Amino acid sequence: MRLLLALAVCFVALQVPHSNQAWAIDDRERLSDPALEERARTLFKEVRCVVCQNQSIDDSEAQIAKDLRIIIREQIQEGKNEEQILGFLTARYGDYVLLEPPFRAGTLLLWLSPLIVLLAGGAIAWTTLRGRPKAEANAPLSAEEQARLDKLMGPDPK
Amino acid sequence: MRKGTKGLLFLLPSLIFVAAAAGFLLGLDPERDPGAIPSPLVDHAAPEITLPPVAGLNLPGIEPEMLRGAPVTVVNLWASWCAPCRIEHPQLMALAEEPGVRMLGIDYRDRADSAVRFLTELGNPFEAVGFDVKGRAGIDWGITGVPETFFLDSEGRVRHRHTGPIDADTLKNNILPRVREIAG
């Protein structure tokens, strides 16, 4: 019982730091207004740390991620909206800085390819199945088939 | 009609092969760098930046009008702590000798005394060096690290960007031809 309790305490202790703050976030960077800080944190998760390939700036300790976090917090405090801030970043780093690529002419193929593959697969399945003759499970055996079956079954053991 | 679609289905494997082969061929291009991030600045006006001079360097800082006017303006982002910048430096010295080239430096997240020591030791290719102590100008240029070099035409439009150090080969085969093309 005591062991169980100790394990539970360890488990809870391990969970707490993960729960709502990333390791990379330095307390000194935080905004004092929790609502603004929340908006900043939401944006951080959408912005790629440009030197770490597939990490958001929310997760990264890289200097440039830190710089970008400071800039985003500053712009939020200046009253800029999300679109303006992401616009500021894409003007400098291109769409690469966004972890989720935007939906536009150049990314149409990227976004629609799952749908295209699904439709193509469906079309292939449909034409293949349509061309196949319907199985007639309950059709009676022809005389020839009955004769072959009788031969295979052998004489009635009765 | 059924016969028509059947005929097209026969072509499908060949079409898939051709598409895959084209994809592989593009991937095999030795000029292609899969790590390269396209700069949205290319073919756009260079960011308007004003930067203070580096203390003790006896060179002016950067003013927005310096980015226009010369046949080719080279903007090099460097730092004294950056080892590849040391490797690149002789190529910058050579580039400064090229006619029509104005060399501007942005000293990225650096200490002024180290920057002065770096240029005293290796030579100074720059007409002006801006001191970007907080890395803000670096972000305005969309850099991911130092060194990075931008090539601007006389109207201040970014025509080319080079990420990482310019080695002697790249200077000769890639950079100088481009610089001459921009200069016209």
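Further up the page is the structure itself.
The rules we used
- Residues numbered from 1 in each chain as written.
- Chains lettered and ligands numbered in written order.
- Predicted model: local features only at pLDDT ≥ 70, side-chain atom pairs only at ≥ 80, totals over all residues.
- Helix = DSSP H or I, 4+ residues; strand = E, 2+ residues; numbered from the N terminus.
- Rg over C-alpha atoms; globule rule 2.2 N^0.38 Å.
- Buried ≥ 20, exposed ≤ 12 C-beta atoms within 10 Å, placed from the backbone.
- Contact = placed C-beta atoms within 7 Å.
- Pairing = 2+ DSSP bridges.
- Axes fitted to C-alpha atoms, helices over the stretch in contact; angles between N-to-C directions.
- Nonpolar A, V, L, I, M, F, W, Y, C, P; charged D, E, K, R; others polar.
- Expected span 1.5 Å × (residues − 1).
- Arc of directions from axis to C-beta.
- Right-handed = clockwise from strand over helix to strand, strands pointing away.
- Parallel < 35°, antiparallel > 145°, perpendicular 65-115°, else oblique.
- Left-handed = near helix turned anticlockwise from the far one by under 90°.

**Quick notes on the overall build of chain B**
Next up, step 1: Each helix and strand counted, chain B has five helices and five strands in total.
Next up, step 2: Listing each helix as α and each strand as β along chain B from the N terminus yields α-β-α-β-α-β-α-β-β-α.
Next up, step 3: Whereas a compact globule of 184 residues would reach a radius of gyration of roughly 16 Å, chain B reaches 22 Å, over 25% beyond that.
Next up, step 4: Each principal axis of the C-alpha atoms in chain B carries an extent, and together these give about 80 × 30 × 30 Å.
Next up, step 5: Going through the 184 residues of chain B one by one, you find that 36% of them count as buried.
Next up, step 6: In chain B, the proportion of contacts linking residues at least 24 apart, taken out of those at least 6 apart, comes to 76%.

**Topic: the overall build of chain A**
Next up, step 1: Within chain A, the regular secondary structure consists of six helices and zero strands.
Next up, step 2: When its helices and strands are written in sequence order, chain A yields α-α-α-α-α-α.
Next up, step 3: Looking at the 158 residues of chain A, the share that counts as buried comes to 14%.
Next up, step 4: Sequence-distant contacts in chain A: of pairs separated by 6 or more residues, those separated by 24 or more amount to 47%.

**Here we look at the sheet that holds strand β3 (residues 128-132) of chain B**
Residues and elements named next belong to chain B.
Next up, step 1: With mixed pairing, the five strands of this open sheet are ordered in space as β3-β2-β1-β4-β5. Each end of this open sheet is capped by a strand with a single partner; those strands are β3 and β5 (158-163). Neighbour-to-neighbour, the strand axes of this sheet turn through a mean angle of 20°, independent of strand direction.
Next up, step 2: The pairing of strand β1 (residues 72-78) with strand β4 (residues 148-152) spans five bridges and is antiparallel. Its bridge partner lying in β4, Asn76 is registered against Thr149.
Next up, step 3: This element, helix α2 (residues 83-96), spans β1 and β2 (101-108) of the sheet and lies at about 155° to β2.

**Quick notes on the interface of chain A and chain B**
Next up, step 1: The interface is formed by 12 residues belonging to chain A together with 10 residues belonging to chain B.
Next up, step 2: For the side of chain A that touches chain B, the residue count by class is eight nonpolar, two polar and two charged.

**A few points about helix α4 (residues 82-93) of chain A**
Residues and elements named next belong to chain A.
Next up, step 1: In this model, α4 (12 residues) spans 16 Å end to end at C-alpha, consistent with the 16 Å of a helix rising 1.5 Å per residue.
Next up, step 2: Within α4, burial applies to Ile85, Leu89, Arg92 and Tyr93. Seen from one end, α4 has its buried residues packed into an arc of 85°, which puts them on one side. For α4, the exposed residues lying more than 90 degrees away from the buried face are Glu83, Gln84 and Gly87.

**Quick notes on helix α6 (residues 143-153) of chain A**
Next up, step 1: Across the 11 residues of α6(A), zero count as buried, placing the element largely on the outside.
Next up, step 2: Just beyond α6(A), the residue with positive phi is A:Gly154, at close to 75°.

**Overview of the pairing of β2(B)**
Residue and element names in this part refer to chain B.
Next up, step 1: Taking burial as the measure, the eight residues of β2 include eight buried ones, the bulk of the element.
Next up, step 2: Here β2 shows a buried face lined by Val101, Met103, Gly105 and Asp107 and a second buried face lined by Arg102, Leu104, Ile106 and Tyr108.
Next up, step 3: The pairing of β1 with β2 spans seven bridges and is classified as parallel. Within β2, the position partnered with Leu77 by the bridge is Ile106.
Next up, step 4: Crossover β1 to β2 through α2 is right-handed.

**Some points on the packing of helix α2 (residues 34-44) of chain A against helix α3 (residues 63-77) of chain A**
Between two packed helices, what matters for the description is the angle formed by their axes and the separation of those axes.
Residues and elements named next belong to chain A.
Next up, step 1: Two elements in contact, α2 and α3, have axes separated by 10 Å at closest approach and are oriented at 135°. Comparing the axis directions of α2 and α3 gives the class oblique. For α2 against α3, the interelement crossing comes out right-handed. Residue-level inspection shows Leu36, Arg39, Ala40, Leu43 and Phe44 of α2 in contact with α3, the latter providing Arg69, Ile72, Arg73, Ile76 and Gln77.
Next up, step 2: Taken together, the residues of the contact of α2 with α3 break down into six nonpolar, one polar and three charged.

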